[in-house]
Amino acid sequence: AGAFQTEAEADNLKAKLALMGMEAVIQTANIPDKGIWHRVRVGPFANIEELNKTRGQLSKNGIQASLVKIHE
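Definitions and limits used
Residues numbered from 1 in each chain as written. Predicted model: local features only at pLDDT ≥ 70, side-chain atom pairs only at ≥ 80, totals over all residues. Heavy atoms only, no water. Pairing = 2+ DSSP bridges. Helix = DSSP H or I, 4+ residues; strand = E, 2+ residues; numbered from the N terminus. Axes fitted to C-alpha atoms, helices over the stretch in contact; angles between N-to-C directions. Contact = heavy atoms within 4.5 Å. Core = buried A, V, L, I, M, F, W, Y, C linked by side-chain atoms within 4.5 Å. Buried < 20%, exposed > 50% of the residue type's maximum accessible area, 1.4 Å probe, protein only.

**A few points about the sheet that holds strand E3 (residues 35–42)**
Now for step 1: Pairing is antiparallel across the open sheet formed by 3 strands, whose spatial order is E1-E3-E2. Each having just a single partner strand, strand E1 (2–4) and strand E2 (24–31) make up the two edges of the open sheet. Ignoring which end each strand starts from, the neighbouring axes of this sheet average 25° apart.
Now for step 2: Pairing of E2 with E3 involves 8 bridges; the strand directions are antiparallel. Its bridge partner being in E3, Asn-30 is matched across the sheet by Ile-36.
Now for step 3: Sheet contacts for helix H1 (residues 7–19): E1, E2 and E3; angle to E3, the most-contacted strand, approximately 5°.

Here it is in structure tokens:
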């Protein structure tokens, strides 16, 4: 749902998502040549209907989300 250089910005988006009824996690990553980034992620989703509903809800609230496929 977002990527930020400061943890405070990531926390703000996580709180906004919580107010929308979505549980989000913050993943911190050290990106070569770019430094530390804090990613705000929602999911995983069990099915495509749940995914599309959430993406629609995010879009309605002005949050541009990218789909990230996680391989386990």
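**Topic: the environment of Asp-33**
Now for step 1: Inspection of the secondary structure puts Asp-33 in the loop between E2 and E3.
Now for step 2: The spatial distance from the C-alpha of Asp-33 to the C-alpha of Gln-57 is 34 Å, given a sequence separation of 24 residues.

**Here we look at the nonpolar core**
Now for step 1: The biggest cluster of nonpolar side chains holds 9 residues, and these are Ala-10, Leu-13, Leu-17, Met-20, Met-22, Ala-24, Val-40, Leu-58 and Ile-63.
Now for step 2: Element by element, the count of residues in this core is highest for H1, at 3 residues.
Now for step 3: When near neighbours in sequence (up to four residues on either side) are disregarded, Ala-10 contacts Phe-4, Ile-26, His-38 and Val-40.

All we've got here are geometric facts, nothing functional implied.
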